Amino acid sequence: MKLKLGIPKGSLQEASLGLFRRAGYEITVHPRSYFPASDDEEMECMLIRAQEMARYVEDGILDCGLTGRDWVLENQAEVAAVADLIYAKQTLGRVRWVLAVPERSPFQNVKDLEGKIIATELVKVTERYLGERGVKAKVEFSWGATEVKPPVLADAIVEVTETGSSLRANGLRILETVLESNTQFIANHAAWRDAWKRSKMETIVMLLRGAIEAAGKVGLMLNVRRADLDAVLAVLPALKRPTVSNLSDPEWVAVNTVIEEKTVREIIPRLKAANAQGIVEYPLNKIVV
């Protein structure tokens, strides 16, 4: 049997391929081909735009795929939301669809846009957002470069952002958050009911989550005399508790733990001062909790 998996093409593509790589799956994209090669013989991959992924999963053309929660809602797709995978193009976090206007615009909130023009890719979600607030405005589909449209081509935009830097660079300010979104692993309902496919998907999700959990973290191993163990443990923040193992010399133990990579340069000197020896830092691909 084969599991038909959709990989998001576009802004999420490289982040997704990198995540699969850390999870243990080597997926190779060939130029001008929409069918990447996978080193897992039980998996067939296809590159699909995130905006269209939910529709193809709903129709059963794909068994499962990765896309944004925003596009599931935009397509009103009937799919199984198997797991939230918190990663994006630039960061390991969520993204926001925000209502933005030019810096010098008089608009202060969504109600000020009554009768105005709003440009966005997320048309249906934006229309529902306006409707829930009793605002009637014209929502136009934007084919791209949405940030440059106000004030000449539109009065406001609804655009996705991770950090807000692109909006600020284009002289825009945020009025409100329309939707918070993240990457989701979604499945066709029939495929999710199939025992073999469900087990395969659950394994993939477990490993992808492990890769996300390991991002930005490293492992530390060190040796320390029992007499100095408490001082060393006081230095170490841990995922849960450090693992302490006996060594052949009964006066010594080995300590193994996981820490944030950005703290290593501060912690290693403190460990050395606490009489730790043989300190080894090593990279992590997955942490399965």
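In this report, the structure presented in the accompanying data block is examined.

### Some points on the packing of aromatic side chains
For step 1, the next point in the chain: A complete count under the given rule lists three aromatic pairs for this structure.
For step 2, the next point in the chain: Each ring, one from Phe 141 and one from Trp 143, has its centre 4.8 Å from the other, and the planes form 85 degrees; the classification is edge-to-face.
For step 3, the next point in the chain: Residue classification places Phe 141 among the partly exposed positions, given a relative accessible area of 40%.
For step 4, the next point in the chain: A cation over a ring is seen here: Arg 55 above Tyr 56, with NZ or CZ 4.8 Å from the ring centre.

### Overview of the pattern of salt bridges
For step 1, the next point in the chain: One pass over the structure, following the stated rule, counts 12 salt bridges.
For step 2, the next point in the chain: In this structure, Arg 21 and Glu 26 form a salt bridge, with 3.5 Å as the shortest nitrogen-oxygen distance.
For step 3, the next point in the chain: Classification of Glu 26 as partly exposed rests on a relative accessible area of 38%.
For step 4, the next point in the chain: In this structure, Arg 94 and Glu 180 form a salt bridge, with 3.9 Å as the shortest nitrogen-oxygen distance. Separated by 86 residues along the polypeptide, Arg 94 in the loop between strand S6 (80–85) and strand S7 (95–102) and Glu 180 in strand S11 (residues 172–181) bring together distant segments of the chain.
For step 5, the next point in the chain: With a relative accessible area of 44%, Glu 180 lands in the partly exposed category.
For step 6, the next point in the chain: Members of the salt-bridge network, linked through shared partners, are Asp 40, Glu 42 and Lys 200.

### Focus on the sheet that holds strand S4 (residues 43–49)
For step 1, the next point in the chain: With respect to topology, five strands assemble into an open sheet ordered S4-S1-S5-S12-S6, the strand pairing being mixed. Across the chains shown, the open sheet's two edge strands, defined by having one partner strand only, are S4 and S6. Within this sheet the neighbouring strands show an average axis-to-axis angle of 30 degrees, counted without direction.
For step 2, the next point in the chain: Here strand S1 (residues 3–9) pairs with S4 via seven bridges, running parallel. Pairing of Pro 8 across the sheet is with Ile 48, part of S4.
For step 3, the next point in the chain: Of the strands in this sheet, S1, S4, strand S5 (64–68) and strand S12 (183–187) are in contact with helix H2 (residues 50–58), which crosses S4 at around 130 degrees.
For step 4, the next point in the chain: Helix H7 (residues 195–214) contacts S1, S4, S5, S6 and S12 of the sheet and is inclined by roughly 15 degrees relative to S6.

Cut-off values and rules
Residues numbered from 1 in each chain as written. Predicted model: local features only at pLDDT ≥ 70, side-chain atom pairs only at ≥ 80, totals over all residues. Heavy atoms only, no water. Phe/Tyr/Trp six-rings, centres within 6.5 Å; stacked < 30°, edge-to-face > 60°. Buried < 20%, exposed > 50% of the residue type's maximum accessible area, 1.4 Å probe, protein only. Lys NZ or Arg CZ within 6 Å of the ring centre and 35° of its normal. Salt bridge = Lys/Arg side-chain N within 4 Å of Asp/Glu carboxyl O. Helix = DSSP H or I, 4+ residues; strand = E, 2+ residues; numbered from the N terminus. Pairing = 2+ DSSP bridges. Axes fitted to C-alpha atoms, helices over the stretch in contact; angles between N-to-C directions. Contact = heavy atoms within 4.5 Å.

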